[in-house]
Amino acid sequence: MTTTIYHNPACGTSRNTLALIRNSGEEPIVIEYLQHPPSRDTLTQLIKDAGLTVREAIRQKGTPYAELGLDNPALTDEQLLDAMLAHPILINRPFVVTSKGTLLCRPSEAVLDILPNPQKGPFTKEDGEVVINAEGQRVTPAK
């Protein structure tokens, strides 16, 4: 099975996640979901497989979330999905699908839990945080 990332190249978390996938030696299928949104069935399955509720899969920051009144607790999952499909920017990112599972990879290093291959070398996120050391091992952040 090939790894798939639902990617937004304008998002640092999404870019870091993609780079971590590539650091494992794999070239994933990259779906730029703002240009190519998933179908309703695919989006529903991604959310379910990631163990999230529809509401947990909605991105609020930098989206029309508030303007659309999506904070209304009376809205059904179907209504929330309708909004996400009409405005793909509302789909939180990045979702990653591998042979080991599906996750919403926030933070980006969450992807390490589902990558089938180990990291091949060091990795530092765009913000300068070291995630993988020179031996390809995950670095535990200082508390």
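Residue positions are counted from 1 within each chain, in the order its sequence is given. In keeping with the predicted nature of the model, local features appear solely for residues at pLDDT of at least 70, side-chain atom pairs appear and are counted solely at 80 or more, and the whole-chain, interface and lining totals rest on all residues. Excluding hydrogens and water, the side-chain figures rest on all heavy atoms present in the structure.

Draft legend 1. Geometry of the state of the cysteines. In what follows, a disulfide is any cysteine sulfur pair within 2.5 Å. On inspection of all chains with the given rule, the structure shows 0 disulfides. Of all cysteine sulfurs in the structure, the one in cysteine 105 sits closest to cysteine 11, which takes part in no disulfide; the separation is 11 Å. Think of it in three bands: with a 1.4 Å probe and only protein chains considered, a residue is buried below 20% of the maximum accessible area for its type, exposed above 50%, and partly exposed in between. Take cysteine 11: its relative accessible area is 7%, and that puts it in the buried class.

Draft legend 2. The arrangement of helix 1 (residues 12-23) in detail. Over its 12 residues, helix 1 extends 16 Å from the first C-alpha to the last, a length consistent with the 16 Å expected when each residue adds 1.5 Å. Along helix 1, the residues that are buried comprise Ser14, Asn16, Thr17, Leu18, Leu20, Ile21 and Asn23. Contacts are residue-level and defined by heavy atoms, with any inter-residue pair within 4.5 Å sufficient. Here a strand is any run of E in DSSP of at least two residues, a helix any run of H or I of at least four, and the numbering for each starts at the N terminus. The elements touched by buried residues of helix 1 are strand 1 (4-7), strand 2 (29-32), strand 3 (95-98), strand 5 (123-124) and strand 6 (130-132). Looking one or two places after helix 1, you find glycine 25, whose phi comes out positive at around 90 degrees. What a helix should span is 1.5 Å times the count of its residues minus one.

Draft legend 3. Expanded view of the side chain of arginine 59. With respect to the helices, strands and loops of the structure, arginine 59 is situated in the loop between helix 2 (40-49) and helix 3 (77-86). Charged-residue counts in this description rest on Lys and Arg as positive and Asp and Glu as negative, His and the chain ends being excluded. Salt bridge criterion: a side-chain nitrogen from Lys or Arg within 4 Å of a carboxyl oxygen from Asp or Glu. In this structure, arginine 59 is buried with no salt-bridge partner, the nearest side chain bearing the opposite charge being glutamate 67 at 12 Å.

Draft legend 4. Up close: the sheet that holds strand 3. Across the sheet, which stays open at both edges, the 4 strands sit in the order 2-1-3-4 with mixed pairing between neighbours. The open sheet terminates on both sides in strands that have one partner only, identified here as strand 2 and strand 4 (101-104). For this sheet, the mean inter-axis angle between neighbouring strands, taken without regard to orientation, is 15 degrees. Strand pairing requires that DSSP identify at least two bridges connecting the strands. Strand direction decides the pairing type here: strand 1 and strand 3, joined by 3 bridges, are antiparallel. Axis definition: a line fitted to C-alpha atoms, over the contacting stretch in the case of helices. Angles run 0 to 180 degrees between N-to-C directions.

Draft legend 5. The arrangement of the pattern of salt bridges in detail. Taken as a whole and assessed by the stated rule, the structure comprises 7 salt bridges. Measuring nitrogen to oxygen at the nearest pair gives 2.8 Å for the salt bridge that ties arginine 40 to glutamate 78. Placement of arginine 40 in helix 2 and of glutamate 78 in helix 3 is noted, with a sequence separation of 38 residues between them. Overall, the relative accessible area of 46% leaves glutamate 78 in the partly exposed class. One salt bridge in this structure joins arginine 40 and aspartate 82, with 2.8 Å as the shortest N-O distance. Of the two residues, arginine 40 sits in helix 2 while aspartate 82 sits in helix 3, which places them 42 residues apart along the sequence. Owing to a relative accessible area of 43%, aspartate 82 belongs among the partly exposed residues under this scheme.

Draft legend 6. The arrangement of unusual backbone geometry in detail. That bond from arginine 93 to proline 94 is cis: its omega, -10 degrees, falls within 30 degrees of zero. Structurally, proline 94 can be placed in the loop between helix 3 and strand 3. Omega for the peptide link from arginine 106 to proline 107 comes to 0 degrees, which places this bond in the cis form. Looking at the element boundaries, proline 107 is found in the loop between strand 4 and strand 5.

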